[in-house]
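Results of the structural survey
Chain residues, written in single-letter form:
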Amino acid sequence: MVKTLFGTLADGTEVSSWSLENGGTRLKVLDYGGIVQSLEIPDRHGRYANVSLGFDTIEDYVAGSPYFGALIGRFGNRLAKGRFTLDGESHQLPVNDGDNSLHGGTEGFDRRVWDVEPFTEGQDIGLRLHLTSADGEMGYPGTLTVKVTYTLTGDGDWRVDYEATTDRPTVVNLTSHVYWNLAGEGSGSVHDHELRIAASRYLPVDAGLIPTGAPADVSGTPFDFREAKAVGRDLRVAHEQLLHCKGVDHNYVLDKGLTDHPEHVATLRDPASGRTLRIATTEPGLQFYSGNFLDGTLVGSGGRVYRQGDALCLETQHFPDSPNQPSFPSTVLRPGQTYRTTTVHSFGS
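The paragraphs below set out a description of the structure included in this document. (Residues numbered from 1 in each chain as written. Predicted model: local features only at pLDDT ≥ 70, side-chain atom pairs only at ≥ 80, totals over all residues. Heavy atoms only, no water.)

As for the overall build of the chain
Our working definition: A run of H or I in DSSP becomes a helix once it reaches four residues, and a run of E becomes a strand once it reaches two; helices and strands are each numbered from the N terminus. Radius of gyration here is computed from C-alpha atoms only, and the compact-globule reference equals 2.2 Å multiplied by the residue count raised to the power 0.38. Think of it in three bands: residues with accessible area under 20% of the maximum for their type are buried, residues over 50% are exposed, and the middle band is partly exposed, with areas taken using a 1.4 Å probe on protein chains only. When checking whether two residues touch, look at their non-hydrogen atoms; a contact exists if any pair is within 4.5 Å. Here the open area of atoms and residues is found with the Shrake-Rupley method and a 1.4 Å probe, where only the protein chains shown may cover a residue.
Within the chain, the secondary structure is distributed over two helices and 29 strands. Its C-alpha atoms give the chain a radius of gyration of 19 Å, within 12% of the compact-globule value 20 Å for 349 residues. By principal-axis analysis of the C-alpha atoms, the chain measures approximately 60 × 50 × 40 Å. Scored against the burial criterion, the 349 residues of the chain give a buried share of 56%. Nonlocal contacts in the chain, meaning residues at least 24 apart in sequence, comprise 65% of its contacts between residues at least 6 apart. With an accessible surface of roughly 13,700 Å², the chain has 45% of that area assigned to carbon and sulfur atoms.

Let's talk about the side chain of Asn100
Counted only if it meets this: Each polar contact in these results corresponds to two N or O atoms within 3.5 Å; when the atoms are within protein, one needs to be able to donate a hydrogen and the other to accept it, and residues that are neighboring in sequence are counted only if both atoms are side-chain atoms.
Structurally, Asn100 can be placed in the loop between strand S9 (89-92) and strand S10 (101-102). Residue classification places Asn100 among the buried positions, given a relative accessible area of 6%. There is a polar contact of 3.0 Å between the side chain of Asn100 and the backbone nitrogen of Lys81. Leaving out residues up to four positions away in the same chain, Asn100 has contacts with Leu79, Ala80, Lys81, Gly82, Val95, Gly208 and Ile210.

In structure tokens:
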């Protein structure tokens with residue numbers, strides 16, 4: 001593990017980069033936002049490529065990153081109108097996505113500098129990232145103490161363990177926002193990647209991308225990934241839900257539900273390189289985002305422009321807008337409880 005200076009924020013705060021390599025996987029993490037700045041894995045011929053979108057400078061991340069590689073909190077995904085009520089008390093959050101609050105608000109965990117502690121345990125190496133979010137920060141109640149552990153295992157898996165405690169009842173939904181392109185960052189569209197998601201239902205959304213309520217069956221829709229298919233195969237089907245999002249930006253209700261231990265829920269494969277990504281999680285939901293809003297205005301770490309469909313996200317999490325939808329799995333955390341979730345990314349070729 002190697003620590004280097006990545007850049008300096010406008011207030012003089014230094015941002016460090018941590019480089020880790022284990023089991024054939026190379027990972028570079030920033031303490032700013034807990035960002036995965038690069039993740040390199042080999043193809044079937046042993047040739048490495050960075051398979052995550054990102055930038056080369058801290059200035060680019062601060063100026064306009066669409067959450068490339070970031071840790072997301074306090075609440076991943078959208079909250080309608082930036083509001084929720086907990087124990088009879090109403091809370092108003094900043095709105096930063098139309099009328100809604102997205103990914104924790106205007107100054108979410110993706111814009112905080114985390115305390116980082118490296119570790120080695122047997123064949124595993126990694127980083128423990130710590131953050132304290134004050135009571136009232138971004139409108140959320142309670143002082144939230146967060147620890148996120150990035151582990152590179154001896155087998156080359158990237159494991160993410162999330163923990164949080166609070167001193168007041170609050171809501172929490174942490175996730176990671178890596179943009180994946182298994183052919184390599186900046187190589188073009190991922191529409192020929194093959195994706196399988198173990199989910200028979202998904203959450204339809206309104207024009208503001210807020211879930212409308214009850215899950216819908218994926219059968220006979222472009223959202224059916226129960227059998228592996230090319231990501232782009234059905235993206236041009238004239239389906240109302242695709243029109244809302246300019247593609248897919250929906251939460252999948254995982255068949256396995258909420259579990260104590262990570263279970264396999266998704267597989268992504270690039271036929272050209274042979275690289276594969278398998279995701280296992282304890283979470284009940286998976287937000288599949290097909291990179292619809294990459295618009296050609298961002299230049300990535302490889303010096304190439306990112307355009308629509310040049311990457312996709314597979315965010316393990318609880319459901320969007322859960323505090324406002326009682327039928328969804330609860331995201332409430334109370335004093336004396338510990339929020340814990342785990343997601344494991346396994347790579348192959």
